[in-house]
Structures are given as C-alpha cells and as structure tokens.
Amino acid sequence: MNTFFLLTISIITLVITSISIENLEMNKHKSENETTYYLIRHAEKVISATDKDPKLSEDGIIRASKWAQFFQDIELDEIYSTNYKRTNSTATPTAESKNLVVKVYSPKDLLSNQFKESTKGKTVLVVGHSNTIPFLANFLIQEEKYPELDESEYSWVYKISLDTNGKAISEARKIE
C-alpha cells in the first residue's frame, strides 16, 4: 500500500513538474533586443444569427479571466484588440491586471512593417479572430505555418519572437 501511494505521488509530481516546465518555456523572459508577440483569438462568444458584434458568453468570460492568469508573469508593453465586444472583453482583464490601455486596431494595419517597427523591442499581446490571428502569425514569421482556426477553437496562443535581424522563432500551444 505504501509503495502504491509513493508511486502515485511520484507520478503526480512528475506531471506537475512537466506542466510547470512547459509553461516556463512559453512564458520565459525575452532579451532586450527581441520583439515578442503573443497572439490569441477572442474567447467564446454568444452565438447569434443577427448580432454582428456579440459579447462573450459565460465560458468566454471565464476564459478571458484565465488569459489574464496566463499572462500574469509575462511583462507586456502593449495590448491590441479589434474593435469588437468579444475581442475587447477578452483583452480587458489582462490589460487591467497590467495597468495597460487596450489599443484598437484594424487587422490590415498589423500586416505592415510600420506595425513591426512601432513594436520593436516590446512584448505585445494581440487579440483577434479565428481567421486573422494565424494570418498575422504567418506574416510575422514570413512563412505559411499556421492554418486558420476552426470556429470552435478558442484556446490557442501563438508566441512569435523576432531578433534584431528579423529572424523568427515561433510556437503555438493550446491552453485549456
């Protein structure tokens, strides 16, 4: 009985350690010469056939709070959101926890060297949509790596790091 208990505790400890190490990799601090973008889709929205700007559902409100927890130990310089209730409501808990103002953007505005230049050396969170976030990730890394998200997907975070020469390192992770 004691052996089983010790084995169970050891396995649980290994799993917790593994999860902590994975989160540290995604959340590790960047060098001063690096620009880092975190890209997420808005949280779950109220499904409506008539409302073109729906608010977050109860699950979405919970997820937005979880995003704020995820970004708790990440130093963010700026937070961007499209001008929709669902994106702004997803960005707001993180912005409030960081004492930052959410900057409204049009997706086409971020697909420019001007955006990359204005955010150079910063750590930036961008909240967008299922079709815009992977597209922005691909633009930043200059590669067609990430497909459009399924409408049912709300839990992906993309981390894009650019060095001073524009060399990109990217990863995508599902955060439940």
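Residues numbered from 1 in each chain as written. Predicted model: local features only at pLDDT ≥ 70, side-chain atom pairs only at ≥ 80, totals over all residues. Heavy atoms only, no water.

Right, let's talk about the side chain of Glu44 for a bit. When you line up the elements, Glu44 lands in the loop between β1 (35–41) and α2 (58–70). A polar atom in the side chain of Glu44 sits 2.8 Å from the side chain of Arg63. With near-sequence residues (within four places) excluded, Glu44 lies in contact with Leu56, Ser57, Asp59, Gly60, Arg63 and Tyr154. (Helix = DSSP H or I, 4+ residues; strand = E, 2+ residues; numbered from the N terminus. Polar contact = N/O pair within 3.5 Å; in protein donor to acceptor, adjacent residues only side chain to side chain. Contact = heavy atoms within 4.5 Å.)

Moving on, we get to unusual backbone geometry. The backbone of Asn99 sits at a positive phi, close to 55°, despite the residue not being glycine. Its location among the elements puts Asn99 in the loop between α3 (85–98) and β3 (102–104). Look at Asn99 and you get exposed, because its relative accessible area is 72%. Despite not being glycine, Gln142 has its phi angle at roughly 60°, a positive value. Topologically, Gln142 is positioned in the loop between α6 (133–141) and β5 (156–162). For Gln142, a relative accessible area of 59% translates into the label exposed. (Buried < 20%, exposed > 50% of the residue type's maximum accessible area, 1.4 Å probe, protein only.)

Among the structural elements, Thr90 can be located in helix α3. Looking at Thr90, its side chain comes within polar contact range of the main-chain nitrogen of Ala43, at 2.9 Å. Leave out the neighbours within four places in its chain, and Thr90 touches Ile40, Arg41, His42, Ala43, Leu56, Ala64, Trp67 and Val127.

In strand β2 (residues 78–81), alternate side chains face the same way, and those of Glu78 and Tyr80 on one face and Ile79 and Ser81 on the other are all buried. Of the strand pairs in this sheet, β2 and strand β4 (residues 123–128) are connected by four bridges, and their pairing is parallel. In the strand pairing of β4, Ile79 is matched with Leu125. Following the chain from β2 across α3 to the adjacent parallel β3, one finds a crossover that is right-handed. (Pairing = 2+ DSSP bridges. Right-handed = clockwise from strand over helix to strand, strands pointing away.)

Within the largest apolar cluster, 19 residues are counted, with the highest numbers of intra-cluster contacts made by Tyr37, Leu39, Val126 and Ile160. Mapped by element, the contributors of at least two residues to this core are β1, β4, α6 and β5. A per-element tally of this core places α6 first, with six residues. Those residues in contact with Ile160 that sit more than four places away from it in its chain are Thr35, Thr36, Tyr37, Leu39, Ala137, Leu140, Ile141, Tyr146, Ile169 and Ser170. Among the nonpolar cores identified, the runner-up in size contains 15 residues, and Trp67, Phe70, Ile79 and Ile175 belong to it. (Core = buried A, V, L, I, M, F, W, Y, C linked by side-chain atoms within 4.5 Å.)

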